[in-house]
Amino acid sequence: MTDSPRESSLREVPGVDPGREHKVRVPPRRREASVDELVAGVLDGNRTMLGRAFTLVESLDAGHRTVAENMLERLLPRTGNAIRLGISGVPGSGKSTFIEALGTRLADDGHRVAVLAVDPSSEISGGSILGDKTRMERLAMHDSAIVRPSPSGSVPGGVARATRESILVAEAAGFDVVIVETVGVGQSETDVAWMTDFFLLLAITGAGDDLQGIKRGVLELADCVAINKADGDNVSRAEGAKGQLAAALRLLRSREGEAAVPVMTCSALEREGVAEIWSVVEARVSALRSDGSLATRRREQAVRWMDQAVAHILDSEFQADPGMREECERLRARVREGGVLPFRAARGLVDAFLGGKRDEP
Ligand SMILES: Nc1nc2c(ncn2[C@@H]2O[C@H](COP(=O)(O)OP(=O)(O)OP(=O)(O)O)[C@@H](O)[C@H]2O)c(=O)[nH]1
Ligand SMILES: [Mg+2]
């Protein structure tokens, strides 16, 4: 990895005393990098440029979007070569600890590992839960790894888009394992399952050997479930939960020909079972790759990405339209009073918005 030193500059500042010129050191003003510089820097694995490329794809600014899309288009031929692993689980299930254990192991073995976080709470609160406590100190310091927290203060759908694009940036920079961590909140698990090759669900046992807060819909997306914290006096509870879950999964996925979803136990803290889980991931992804279904899965993901983008673009243009904002407020008040059917009000707003668009020169 090469790091370029931050440019510092000396600028001439006219002095108060006529005839004498003072030279004052001013903080460097960061010039925006050109698409050429970004592309070259990312392909070269330059960390500074990589950071700027991530920041760029996270930006909501319309000008930045154009640069980001031009950059991504140029990087695209160099993408697609990583194993994309999505990891989710309830808060505190040990995702970050697991990624620290797996990531350092892979990096020590010669892999290049990028970790990206999807934190949908940043879209609501503007803050980033995952960013504050990544618990990946060793991995973040590793020469062959990069840990990128979730962008904060985004728009709905913005984090997912930025993460999808960040995967491409990381692949173009030569990372061969991309891990996406997400807290199990809202739409985020589905989003992550739809941007990765393998979706690993981390579970933990509750008071008994029941599993905490697993949603059926999320279970259906999982390619493997790992019951974490199988250590100390929790081992037998974890083993009990494993048996129950395996039985439940057999019922859930009883369609003929469908392979059973592996259920495993591990201790991220003690780094037990982590290598075994990675073997499952590797075997599955290479099987998908060799029979062509990985390419199919990724193409279907790309189509879904486009469909979602249409909805997001329309929504953000609608929200940004000043005329619509007033009209929305007016109709919200009427809906609140019960004076108009919500669906009819929405229809009217959309018609007005599209009508306005058509009238534009
Ligand atoms: N005993 C035990 N504790 C663990 C294990 N893995 C994680 N922990 C602990 O569980 C707590 C939460 O771990 P994190 O890795 O931050 O969990 P997380 O799922 O990333 O949490 P959020 O990002 O907040 O959703 C920490 O105190 C960890 O030390 C494990 O395998 N065994
Ligand atoms: Mg975490």
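Remember, predicted model here, so these are calculated numbers, not experimental data.

Undergrad: I tried to follow the overall build of the protein chain on my own but got confused; where do I start?
TA: Within the protein chain one finds 15 helices and 9 strands. Burial status across the protein chain gives 35% buried among its 361 residues. Nonlocal contacts in the protein chain, meaning residues at least 24 apart in sequence, comprise 69% of its contacts between residues at least 6 apart.

Undergrad: Help me out: how do you make sense of the site of ligand 1 in this one?
TA: Residues in close proximity to ligand 1 total 19 residues, the closest being G94, K95, S96, T97 and L269. When residues of the shell around ligand 1 are traced back to their parent elements, those giving at least two are α4 (95–108) and α6 (129–132). Broken down by element, the residue count for the shell around ligand 1 peaks at 3 residues, all from α4. Class assignment for the residues of the shell around ligand 1 results in 6 nonpolar, 8 polar and 5 charged.

Undergrad: Is there a simple way to think about the sheet that holds strand β7 (residues 198–203) in this case?
TA: Within a sheet, each strand pairs with its neighbour through backbone hydrogen bonds, oriented either parallel or antiparallel. Across the sheet, which stays open at both edges, the 7 strands sit in the order β5-β4-β6-β3-β7-β8-β9 with parallel pairing between neighbours. Looking at strand neighbours, the two that pair on one side only are β5 (145–148) and β9 (263–265), the edges of this open sheet. Within this sheet the neighbouring strands show an average axis-to-axis angle of 20°, counted without direction. With 5 bridges joining them, strand β3 (residues 83–89) and β7 adopt parallel strand pairing. By the bridge assignment for β7, G86 is matched with F199. Packed on one face of the sheet, α4 meets β3, β4 (113–118), β5, β6 (177–183) and β7 and runs near 175° to β6.

Undergrad: Even after reading the chapter, I still don't get the nonpolar core, so can you show me in this structure?
TA: Nonpolar side chains in soluble globular proteins tend to end up buried together. If you look at the biggest cluster of nonpolar residues, it comprises 72 residues, and the most contacted ones within it are V42, A53, V169 and V178. Per-element tally for this core: the top contributor is helix α8 (residues 158–172), with 8 residues. Three or more residues apiece are contributed to this core by two domains, here domain 1 (1–11 + 24–78) and domain 2 (79–291). Dropping the residues within four chain positions of it, V169 is found in contact with V42, A53, F54, V57 and L75.

Criteria and thresholds
Residues numbered from 1 in each chain as written. Chains lettered and ligands numbered in written order. Predicted model: local features only at pLDDT ≥ 70, side-chain atom pairs only at ≥ 80, totals over all residues. Helix = DSSP H or I, 4+ residues; strand = E, 2+ residues; numbered from the N terminus. Buried ≥ 20, exposed ≤ 12 C-beta atoms within 10 Å, placed from the backbone. Contact = placed C-beta atoms within 7 Å. Near = placed C-beta within 6 Å. Nonpolar A, V, L, I, M, F, W, Y, C, P; charged D, E, K, R; others polar. Pairing = 2+ DSSP bridges. Axes fitted to C-alpha atoms, helices over the stretch in contact; angles between N-to-C directions. Core = buried A, V, L, I, M, F, W, Y, C linked by C-beta atoms within 7 Å. Domains from an automatic or database assignment.

Just distances and angles here, no functional claims.
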